[in-house]
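Residue-level listing of the chains:
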Amino acid sequence: MEAAPVVFVIDDDASVRSALSNLLRSVGLRTEVFASPQEFMHNAEPDGPACIVLDVRFPGRSGLDLQRDLTAANRPLPIIFMTGHGDIPMTVRAMKAGAVEFLTKPFRDQDLLDAVAVALDKDRVRRAGEKRLDELRARLGTLTPREREVLQLVIVGRLNKQIAGELGVSEMTVKIHRRHMMRKMQASRIVELVRIADQLGLSGTAAQ
Amino acid sequence: MRLAAVRYGLGSLLVAAAIVATIGLHYLSVEHNRFQFYAAIAVVAWFGGAGPGCMAAILSTLAVEYLFTPPLYNLHVYPRELPDFLSFIACAAISLAISTRLRRAEQALQRAQQTLEAAVAQRTAELRETNAALTAEIVERERADRERAASEAALAETQAQLARVLRLATVTECAAVAHEVKQPLTAIIANAAACLRSLDRDPPALGLARETVSGIVEDGNRAAAVVSRIGGLLRNRRPSIAAVDINAVIGEVLGLTRSAAEKDGVAIRTSLARSLPAAAGDSVYLQQVLLNLVNNALDAMRGVCERQRVLTLCSRLTPDNTVLVEVADTGIGLATADAGRIFDSFYTTKADGLGMGLSISQSIIAAHGSRLWVCAGRRPGAVFRFTLPVATAPST
């Protein structure tokens with residue numbers, strides 16, 4: 001069913017990243033290790049829930065830069081930061097930018113595993129939401145232009161007669177389009193259709 | 001002389017006045033009055049002294065004999081007038097003698113008084129001088145006391161400062177050790193936890209457990225190496241001057257700071273003279289100085305983004321046969337206002353600096369009989385240099 005979760009470990013210290021990888025593998029998690037944020041950026045999109053365990057300081061671009069880049073690239077993977085110095089301003093910045101946890105080296109194994117569990121859950125929820133959205137977009141894609149017009153008018157509360165008037169067709173034709181549209185969108189009632197349209201970001205005011 | 005003439009002249013005048021007075025009294029029918037002559041003699045002797053007194057007596061005797069003793073107007077004396085005349089002479093002599101003696105006594109008294117006054121004045125002056133000297137001595141002693149107190153306070157302050165410096169230096173070095181050890185420690189904890197979890201699995205994941213344990217051994221050794229490497233800096237010991245391979249010291253310091261430099265994106269360049277003679281110095285203290293200079297250089301470059309961050313370490317033999325070591329960076333450089341003060345204790349240009357590093361470094365180099373100085377680089381940044389004497393027994 002769902003692809004196995006994966007944890008990306010990014011640290012420039014080889015022994016730290018292999019040790020963290022060992023720890024995560026010991027609880028049955030899949031890991032991938034990278035020596036730098038740049039190396040990670042070339043990595044393909046994971047096919048299952050994922051999160052990043054990231055050291056803050058790197059030569060060149062820092063861990064915080066990677067966090068910003070991922071957000072900008074619409075790859076909002078949950079990040080667990082690690083640092084050698086308990087740097088409060090940096091912690092605040094990272095947490096504000098949506099980091100799951102900020103761990104100061106050396107940390108307890110359980111703290112990391114708890115943070116990883118939280119991060120993977122967060123990503124799972126995000127992925128589920130995205131998956132549903134993709135599905136809804138696919139449904140919307142199957143509509144004909146006329147059916148789409150009918151949908152726009154239905155969700156702002158127009159009656160069949162009004163829609164027929166606006167589109168310049170018979171009420172019977174509207175009824176047929178409407179039935180096809182509801183079936184394709186897999187909505188049994190208007191309330192459900194309005195919610196789907198809302199998730200897809202189809203504004204109710206668009207047709208007015 | 002003039003005073004004497006005045007005295008004799010006055011004597012003659014007084015005698016003349018007595019003659020005039022006697023003549024006047026004759027007209028008033030007062031005969032045989034000779035007191036004005038006695039008075040004149042006494043007054044002259046009193047004010048003029050013995051000489052004018054005698055003269056006045058003789059003049060008076062002549063005047064009395066000539067003018068008032070019959071027969072008048074010659075120097076004869078009638079026998080019946082003789083007792084009268086002789087009594088005049090006796091009285092004149094007596095008044096002369098009394099007046100002279102009184103005058104002498106008076107003068108002696110005056111002299112004694114003057115001597116006494118002079119003696120008193122002298123003693124007073126001496127006392128005043130002694131007093132002034134004493135006061136000056138007291139002031140001097142108080143000043144000396146104050147100075148001694150001040151210098152004692154300064155000494156105590158210096159000692160306290162030194163103690164503070166040593167404490168701070170130790171704290172700073174401990175922080176460095178702590179940071180260097182954190183990475184392997186993180187790895188060890190993670191691997192150990194992984195090992196336990198692998199063994200708890202059913203069936204135990206022995207392959208993974210083995211992998212984690214070998215990682216633990218490796219990181220344990222790494223941590224130990226860091227501690228022993230930095231431990232040398234912490235040991236509190238007296239400097240012992242020996243032949244030092246300064247290039248080796250530079251290598252050790254770069255080993256300690258390389259990871260920090262890489263994290264900051266600093267390129268390290270070295271230009272170390274080959275076949276450099278050994279320098280006379282204490283390798284541990286020199287390591288401390290170089291570590292401080294390198295860390296300063298890295299700090300100075302942290303805020304620099306518009307140019308490449310380059311740390312350059314050079315060593316070479318100077319024409320006057322000293323070993324020169326140079327640490328150059330491309331950092332923010334030094335403001336001229338700071339350049340004069342950077343070697344002062346507790347003077348810092350860093351937000352979190354203690355202001356001790358360069359001060360300690362300079363004293364260490366000074367203890368080697370050399371100096372540490374800063375010079376403006378050709379490029380932006382700062383260049384620190386120090387020299388060391390060449391060891392007397394050259395290494396071959």
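Everything numeric here is computed off the predicted structure, so don't read it as measured data.

Further remarks concern the overall build of chain B. The number of helices and strands found in chain B is 9 helices and 7 strands. Burial statistics for chain B: of 396 residues in total, 27% are counted as buried.

Turning next to the overall build of chain A. Along the backbone of chain A there are 9 helices and 5 strands. Sequence-ordered secondary structure for chain A, helices as α and strands as β, is β-α-β-α-β-α-β-α-β-α-α-α-α-α. By the burial criterion, 32% of the 208 residues in chain A qualify as buried. Of the contacts made within chain A by residues no fewer than 6 positions apart, 62% connect residues no fewer than 24 positions apart.

The omega angle of the peptide bond from A:K105 to A:P106 is -10°, so this bond is cis rather than trans. Its place among the elements puts A:P106 in the loop between β5 (101-104) and α5 (109-141). With an omega of 0°, the peptide bond running from B:D202 to B:P203 counts as cis. Of note, B:P203 is situated in the loop between α4 (82-200) and α5 (206-234). You will see that A:N74, though not glycine, has its phi angle at about 55°, which is positive. Relative to the helices and strands, A:N74 resides in the loop between α3 (63-72) and β4 (79-83). With a phi close to 50°, B:S275 is a non-glycine residue in the positive phi region. Taking the C-beta count within 10 Å as the criterion, B:S275 has 7 such neighbours and is therefore assigned exposed.

Taken together, the contact pairs 25 residues of chain B with 19 residues of chain A. For the side of chain B that touches chain A, the elements supplying multiple residues, two or more each, are α4, α5 and α6 (246-263) of chain B. At 14 residues, α4(B) tops the list of elements feeding residues into the side of chain B that touches chain A. Its residues assigned to classes, the side of chain B that touches chain A shows 9 nonpolar, 8 polar and 8 charged.

With 95% of its residues at a pLDDT of at least 70, chain A reaches an overall mean of 87. At the low end of the mean pLDDT range in chain A sits helix α4 (residues 88-96) of chain A, at 78; at the high end sits strand β1 (residues 6-10) of chain A, at 94.

Before going further, it helps to spend a moment on the nonpolar core. Core analysis: the largest hydrophobic core is formed by 41 residues, its most contacted members being A:C51, A:L54, A:I80, A:F81 and A:V116. Elements with a minimum of two residues in this core: β1, α1 (14-26), β3 (50-55), α3, β4 and α5 of chain A together with α4 and α5 of chain B. The element best represented in this core is α4(B), accounting for 7 residues. When residues no more than four places from it in sequence are discounted, the contact partners of A:L54 are A:I10, A:G63, A:L66, A:I79, A:I80, A:F81 and A:M82. In terms of nonpolar packing, the next biggest core, distinct from the first, is built from 38 residues, B:Y285, B:V294, B:I342 and B:V383 among them.

As a further point, take the environment of A:S170. Residue and element names in this part refer to chain A. Among the secondary structure elements, S170 is positioned in the loop between α7 (160-167) and α8 (171-184). Classification of S170 by C-beta neighbours within 10 Å gives exposed; the count is 11. Residues S170 and N160 lie 10 residues apart in sequence; the distance between their C-alpha atoms is 9.3 Å.

Time to look at the packing of α7(A) against α8(A). Residue and element names in this part refer to chain A. At a minimum axis separation of 8 Å, α7 and α8 run at an interaxial angle of 105°. Taken together, the axes of α7 and α8 are roughly perpendicular relative to one another. Listed contacts from α8 to N160, K161, I163 and A164 of α7 are E171, V174, K175 and R178.

Another point: the packing of helix α6 (residues 145-155) of chain A against α8(A). Residues and elements named next belong to chain A. Axis separation between α6 and α8 bottoms out at 9 Å; the angle between their running directions is 90°. Classified by the interaxial angle, the pair formed by α6 and α8 is roughly perpendicular. Residue-level contacts link R146, E147, V150, L151 and V154 of α6 to V174, H177, R178, H180 and M181 of α8.

For α5(A), which comprises 33 residues, the first-to-last C-alpha distance of 47 Å matches the rise-based estimate of 48 Å (1.5 Å per residue) to within 8%. Of the positions making up α5(A), those classed as buried are A:D109, A:L112, A:A115, A:V116, A:A119, A:L120 and A:D123.

Our focus in this paragraph is the sheet that holds strand β4 (residues 310-317) of chain B. Residues and elements named next belong to chain B. Read across the open sheet, the 5 strands follow the order β2-β4-β5-β7-β6; overall the sheet is mixed. Of all the strands in the sheet, just β2 (267-272) and β6 (372-376) have a single pairing partner and so form its edges. Each adjacent strand pair in this sheet contributes to an overall mean axis angle of 15°, direction not counted. As paired elements, β6 and strand β7 (residues 382-389) share 5 bridges and run antiparallel to each other. Counterpart to W373 in the pairing with β7 is R385. Its contacts with the sheet put helix α7 (residues 283-302) on β4, β5 (322-329) and β7, and the angle it makes with β5 is roughly 25°.

Turning next to the sheet that holds β3(A). Residues and elements named next belong to chain A. The strand order across the open sheet built from 5 strands is β2-β1-β3-β4-β5, with neighbouring strands paired in parallel fashion. The sheet is open, and its two borders are formed by β2 (30-34) and β5, each paired with just one other strand. Within this sheet the neighbouring strands show an average axis-to-axis angle of 20°, counted without direction. The sheet contact formed by β4 and β5 spans 4 bridges and is parallel. Following the sheet pairing, F81 is matched in β5 by F102.

A word on α7(B). Structurally, the α-helix is built with 3.6 residues per turn, so residues lying three or four positions apart point the same way. Between its terminal C-alpha atoms α7(B) stretches 28 Å, which fits the 28 Å expected from 20 residues at 1.5 Å a residue. By the criterion of burial, α7(B) is predominantly enclosed, with 15 of the 20 residues buried.

Let's shift gears to the environment of B:L208. Mapping B:L208 onto the fold places it in helix α5. A tally of 19 C-beta atoms within 10 Å means that B:L208 is categorised as partly exposed. Sequence spacing of B:L208 and B:N191 is 17 residues, and the spatial spacing of their C-alpha atoms is 9.7 Å. Those residues in contact with B:L208 that lie beyond four places of it in its chain are A:N22, A:R25, A:S26, B:A194 and B:S198.

To continue, consider the pairing of β4(B). Residue and element names in this part refer to chain B. Two strands pair when backbone bridges link them, and β2 and β4 are joined in this way by 6 bridges, in the parallel orientation. Along β4, the bridge assignment pairs A267 with V310. Taken together, β4 and the strand that follows it, β5, pair antiparallel across an intervening segment of 4 residues, in which N321 is found at a positive phi of about 60°.

About the criteria used
- Residues numbered from 1 in each chain as written.
- Chains lettered and ligands numbered in written order.
- Predicted model: local features only at pLDDT ≥ 70, side-chain atom pairs only at ≥ 80, totals over all residues.
- Helix = DSSP H or I, 4+ residues; strand = E, 2+ residues; numbered from the N terminus.
- Buried ≥ 20, exposed ≤ 12 C-beta atoms within 10 Å, placed from the backbone.
- Contact = placed C-beta atoms within 7 Å.
- Nonpolar A, V, L, I, M, F, W, Y, C, P; charged D, E, K, R; others polar.
- pLDDT = per-residue confidence, 0-100.
- Core = buried A, V, L, I, M, F, W, Y, C linked by C-beta atoms within 7 Å.
- Axes fitted to C-alpha atoms, helices over the stretch in contact; angles between N-to-C directions.
- Parallel < 35°, antiparallel > 145°, perpendicular 65-115°, else oblique.
- Expected span 1.5 Å × (residues − 1).
- Pairing = 2+ DSSP bridges.

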